[in-house]
Amino acid sequence: MRLAPLLSAPVSAYVRLCASLDPLWVVSIMTLLSMVRFQEGAWFYSILYPVLLGLACLFPSLVRREQFWLAVCLVVGSSIALNWYFIANHTFSLFYWTLALLLSCFAHDRLRLLALSARWILGGIFLFAFIWKLASPDFQSGATMRYFLSATQPLGDSGVALSSLTSSELAQNMGAVERLLNTPGTGPTRLIMPPDLAALADLLTRLTQITEGLVVLILLTPLPERWRWLREASLLFFFATAYTLLPVAPLAAQFACLGYAMTSSSRSRAAFIAAFFVYQLMDLRLGSLWGAG
């Protein structure tokens, strides 16, 4: 029995279901879910964000009103203004995107403006990430990737699977790093680093730079209409490679939301909706495993 015919029917039904949804409402709910799932700041933001999401679910027409997105922008912007010294990168990019949603309320074609905004926000994020990787001596030398593979999760699990590093050695490395962070003044810590793990880190360092460079080129280069599918394809390829090894859930959720806004393809939109939830489920699953460990 072949698997492809069995999968084609439910996949087609899923694509049709996604195509039947209002794109503006979907991208709005994805944005608000990201806010709730990865909220940062004072305790009251854990109340404000769900309230905004609940209002959008109960009254779908709100996502078409500039007053609603102004309120969202003010809430996200205030979380940055009050906590700028420890807010993570994804909160800043979330603010840029909510600002784009606000400005789109005054556009004749909201979806077109959102697609353009999503493309430039994504392009800017990847561009600055690519420049940092070229300028950082630690990343260029492979030291950053060696640390991730030997002393962090989930990338350390990939190091165990793809090299001679063992699970117990990974645990020892993570414990050494934790002791170093919790004990100021502790001397240098030497991590267990098999030769093949170092070689793997060097390979992944170069592949990461090449992949991000290609994504930047494809996103920011003006493309003829028939080649624009490469933009969402490059982003989905990044999901399938870099974010499979290192699922950074807050950015993965945002990139999926922006990818959905950037494309008009029903299949690509369905893929981005799936990615939006898959990477959050991966994050929840990995988090439960780490807690159990």
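This write-up is about the structure you can find in this document. Here the residue numbering is sequential within each chain, running from 1 through the sequence in written order. Predicted model: local features are reported for residues with pLDDT of at least 70 only, side-chain atom pairs are reported and counted for 80 or more only, and whole-chain, interface and lining totals are derived from all residues. Water and hydrogen atoms were dropped before computing side-chain values, which therefore reflect all heavy atoms in the structure.

Some remarks on the overall build of the protein
Put simply, the rule reads: Where helices and strands are cited, they refer to DSSP runs of H or I of at least four residues and of E of at least two residues respectively, numbered from the N terminus. For this measure, only C-alpha atoms enter the radius of gyration; the expected value for a globule follows 2.2 Å times N^0.38, where N is the number of residues. Each residue's exposure class comes from its accessible area (1.4 Å probe, protein chains only) as a fraction of the maximum for that residue type: buried when under 20%, exposed when over 50%, partly exposed otherwise. Here, residues are in contact when the closest pair of their heavy atoms is within 4.5 Å. Accessible surface is estimated by sampling points in the Shrake-Rupley manner with a 1.4 Å probe; for residues, cover comes only from the protein chains shown.
In terms of helices and strands, the protein carries 14 helices and zero strands. Secondary structure elements of the protein, listed N to C terminal, follow the sequence α-α-α-α-α-α-α-α-α-α-α-α-α-α. Relative to its length of 293 residues, the protein is compact, with a C-alpha radius of gyration of 21 Å against a globular reference of 19 Å. Projected onto the principal axes, the alpha-carbon positions of the protein cover approximately 60 × 55 × 40 Å. Expressed as a percentage of the 293 residues in the protein, the buried residues total 42%. Sequence-distant contacts, at least 24 apart, represent 68% of the contacts inside the protein between residues at least 6 apart. A total of about 15,700 Å² of accessible surface is found on the protein, and carbon and sulfur atoms cover 69% of it.

Quick word on the environment of Leu-52
As for its placement among the helices and strands, Leu-52 is situated in helix H3 (residues 45-58). Expressed as a C-alpha distance, the spacing of Leu-52 and Ser-167, which sit 115 residues apart in the sequence, is 43 Å. The contact partners of Leu-52, leaving out residues within four places of it in the chain, are Leu-32, Met-35, Phe-68, Val-72 and Val-75.

Examining the pattern of salt bridges
This is how it is decided: Think of a salt bridge as a Lys or Arg side-chain nitrogen and an Asp or Glu carboxyl oxygen that are within 4 Å of each other.
Following the criterion strictly, the structure yields four salt bridges and no others. Note that Arg-64 is salt-bridged to Asp-22, the shortest N-O span being 2.7 Å. Of this pair, Arg-64 sits in the loop between H3 and helix H4 (66-83) while Asp-22 sits in the loop between helix H1 (3-20) and helix H2 (23-37), and the two are 42 residues apart along the sequence. For Asp-22, a relative accessible area of 32% translates into the label partly exposed. The salt bridge partner of Glu-212 is Lys-133, with a shortest N-O separation of 3.3 Å. In this pair, Glu-212 is assigned in helix H11 (residues 195-220) and Lys-133 in helix H6 (residues 110-135), connecting sequence segments 79 residues apart.

Observations concerning the side chain of Lys-133
The exposure class assigned to Lys-133 is buried, which follows from its relative accessible area of 12%. In contact with Lys-133, not counting residues within four places along its chain, are Phe-139, Gln-140, Thr-208, Gln-209 and Glu-212.

Here's the deal with the nonpolar core
The test is simple: Here the nonpolar core consists of buried residues drawn from Ala, Val, Leu, Ile, Met, Phe, Trp, Tyr and Cys, with membership extended through side-chain atoms lying within 4.5 Å.
Val-27, Leu-32, Trp-69, Trp-97, Phe-126 and Phe-239 are the most contacted members of the largest nonpolar core, which totals 57 residues. The biggest single contributor to this core is helix H13 (residues 249-262), with 11 residues. Other than its neighbours up to four places away in sequence, Leu-32 contacts Leu-52, Leu-53, Ala-56, Phe-68, Trp-69 and Val-72. Within the second largest apolar cluster, 10 residues are counted, among which are Leu-149, Leu-197, Leu-200 and Ala-201.

Some points on the environment of Ser-234
Mapped onto the elements, Ser-234 comes out in helix H12 (residues 229-245). Leave out the neighbours within four places in its chain, and Ser-234 touches Val-215 and Ile-218.

Digging into the packing of helix H8 (residues 143-151) against helix H10 (residues 167-182)
This is how it is decided: Lines fitted to C-alpha atoms define the axes here, with helix axes fitted over just the stretch in contact, and angles between the N-to-C directions of these axes take values from 0 to 180 degrees. We call two directions roughly parallel when the angle between them is under 35 degrees, roughly antiparallel when it is over 145, roughly perpendicular when it lies between 65 and 115, and oblique otherwise. Asp, Glu, Lys and Arg are counted as charged, while Ala, Val, Leu, Ile, Met, Phe, Trp, Tyr, Cys and Pro are counted as nonpolar; the rest, among them Gly, fall into the polar class.
Their axes nearest at 8 Å, the elements H8 and H10 cross at an angle of 115 degrees. As summarised for this structure, H8 and H10 are arranged roughly perpendicular, according to the angle between their axes. Facing Tyr-147, Leu-149, Ser-150 and Ala-151 of H8, the residues of H10 in contact are Leu-170, Asn-173, Met-174 and Val-177. Here the contact of H8 with H10 is built from residues that sort into six nonpolar, two polar and no charged.

Examining the packing of H8 against helix H9 (residues 155-162)
Running from N to C, H8 and H9 point in directions that differ by 85 degrees, and their axes come no closer than 5 Å. When the axes of H8 and H9 are compared, the pair comes out roughly perpendicular. Contacts between H8 and H9 involve Met-145, Phe-148 and Leu-149 from the first element and Leu-155, Gly-156 and Gly-159 from the second.

Considerations on the packing of aromatic side chains
Definition in use: Only Phe, Tyr and Trp rings are paired, with Trp represented by its six-membered ring, and only when their centres lie within 6.5 Å; those with planes under 30 degrees apart are stacked, over 60 edge-to-face, the remainder tilted. When the NZ atom of lysine or the CZ atom of arginine is within 6 Å of a ring's centre and also within 35 degrees of its normal, the charge is said to sit over that ring.
As enumerated under the stated definition, the model contains 16 aromatic pairs in all. With 5.2 Å between their ring centres and 80 degrees between their planes, Phe-68 and Trp-69 make a pair best called edge-to-face. Assessed through its relative accessible area of 0%, Trp-69 is described here as buried. Considering the side-chain rings of Tyr-147 and Phe-148, the 5.8 Å spacing of their centres and the 45 degrees angle between planes classify their relative orientation as tilted. According to the relative accessible area criterion, Tyr-147 is partly exposed, its value standing at 33%. Taken together, Phe-126, Phe-238, Phe-239, Tyr-243, Phe-255, Phe-272 and Tyr-279 form an aromatic cluster joined through their ring pairs. When the ring centre of Phe-139 is taken as origin, the NZ or CZ atom of Lys-133, which lies over that ring, is 5.4 Å away.

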